[in-house]
Amino acid sequence: MAQSHREASRQLFDVAEQQQGFFTTKQAKAAGFAENTHPYHVQAGNWIREHRGIYRLALFPAADRPDLVLWALWSRNRNEEIEGVFSHHTALSLYDLSDLNPAKLHMTVPTDFRRNSEIPGILVLHYADLPESDVQTGQGFRFTRPLRTILDLIEAGTVERNFIRQAVRQAADRGLITRQQIRNTPMNVPARKIIEDALRRAA
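Participant: How should I be thinking about the overall build of the chain in this particular structure?
Facilitator: Helices and strands together make up the secondary structure of the chain, namely nine helices and eight strands. Over its C-alpha atoms, taken along the principal directions, the chain stretches across nearly 65 × 35 × 30 Å. Burial statistics for the chain: of 203 residues in total, 43% are counted as buried. The contacts in the chain between residues at least 6 apart in sequence include a share of 54% that link residues at least 24 apart. Looking at the chain as shown, the accessible area adds up to about 11,500 Å², and 48% of this sits on carbon and sulfur atoms.

Participant: Help me understand the layout of surface pockets, please; the structure alone is not making it clear to me.
Facilitator: The probe, sized like a water molecule, is rolled over the atoms to show the empty space still left. In this model, the largest pocket occupies a volume close to 690 Å³. For the largest pocket, the lining is made up of 18 residues, of which R52, W74, R76, N77 and R115 are closest to its centre. Classifying every residue of the lining of the largest pocket gives three nonpolar, six polar and nine charged. At the level of secondary structure, the elements contributing two or more residues to the lining of the second largest pocket comprise α6 (146-156) and α9 (189-202). Residue classes in the lining of the second largest pocket are distributed as seven nonpolar, four polar and five charged.

Participant: Please clarify how the packing of aromatic side chains should be interpreted in this entry.
Facilitator: We describe a pair of aromatic rings using the distance from one ring centre to the other and the angle between the two ring planes. Taken as a whole and judged by the stated rule, the model has 10 aromatic pairs. Aromatic side chains W74 and F113 sit 5.9 Å apart centroid to centroid with 55 degrees between the ring planes, which places their arrangement in the tilted category. Placement of the pair is W74 in helix α4 (residues 66-74) and F113 in the loop between β5 (105-109) and β6 (123-127), with a sequence separation of 39 residues. Site record: aromatic cluster; members linked through ring pairs are F23, F33, W47 and Y55. Lying over the aromatic face of F22, R56 brings its terminal NZ or CZ to 5.9 Å of the ring centre.

What counts, and where the lines are drawn
Residues numbered from 1 in each chain as written. Predicted model: local features only at pLDDT ≥ 70, side-chain atom pairs only at ≥ 80, totals over all residues. Heavy atoms only, no water. Helix = DSSP H or I, 4+ residues; strand = E, 2+ residues; numbered from the N terminus. Buried < 20%, exposed > 50% of the residue type's maximum accessible area, 1.4 Å probe, protein only. Contact = heavy atoms within 4.5 Å. Areas by Shrake-Rupley, 256 points an atom, 1.4 Å probe, with all protein chains shown as cover. 1 Å grid on protein atoms, 1.4 Å probe; cavity = no way out; pocket = protein on both sides within 12 Å on 5 of 7 lines; lining within 4 Å. Points joined across faces, edges and corners; volume = space filled by probe spheres on them. Nonpolar A, V, L, I, M, F, W, Y, C, P; charged D, E, K, R; others polar. Phe/Tyr/Trp six-rings, centres within 6.5 Å; stacked < 30°, edge-to-face > 60°. Lys NZ or Arg CZ within 6 Å of the ring centre and 35° of its normal.

If you want it as structure tokens, here you go:
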């Protein structure tokens, strides 16, 4: 018995390690922890319950952005696939572009994304079917690439133009977006004008 518990613990750790110490009820079951034992592990202080169906290993080292992993796991579908991609203001702050400091977490979810429960107040959901080429992966969460992020913010129209210009300049300076990429990316005329105008000013 001890061996199988040790094996289950090791399997769960391997999963949680990819997600900054977080895991779901289904992942714990798949590792070998029967669901009726989960409350025991919380009471014993082995696991911390972070949200409905989402836990964290108590002894796992504190992560940089645990909130991003938590809400990424919240966005998973019935097959346990994470559907949410951090975008807009949140993705911009992950790249440290502009001085924008968002209070909420912006996440793009597929157009067919549905939840029976209330959307948590910390999240602002945007609905779009993102191509994989617009997404990159962090430690346990995904977020939009720099140019996609800037285009999303232009389209949303919720950010002052000077923040957009600052983000474009900084992204170009750091090689996160290139002029060729801008030329090759389909975008509407106003967005192209804003981006090219920001690059011109930078030059």
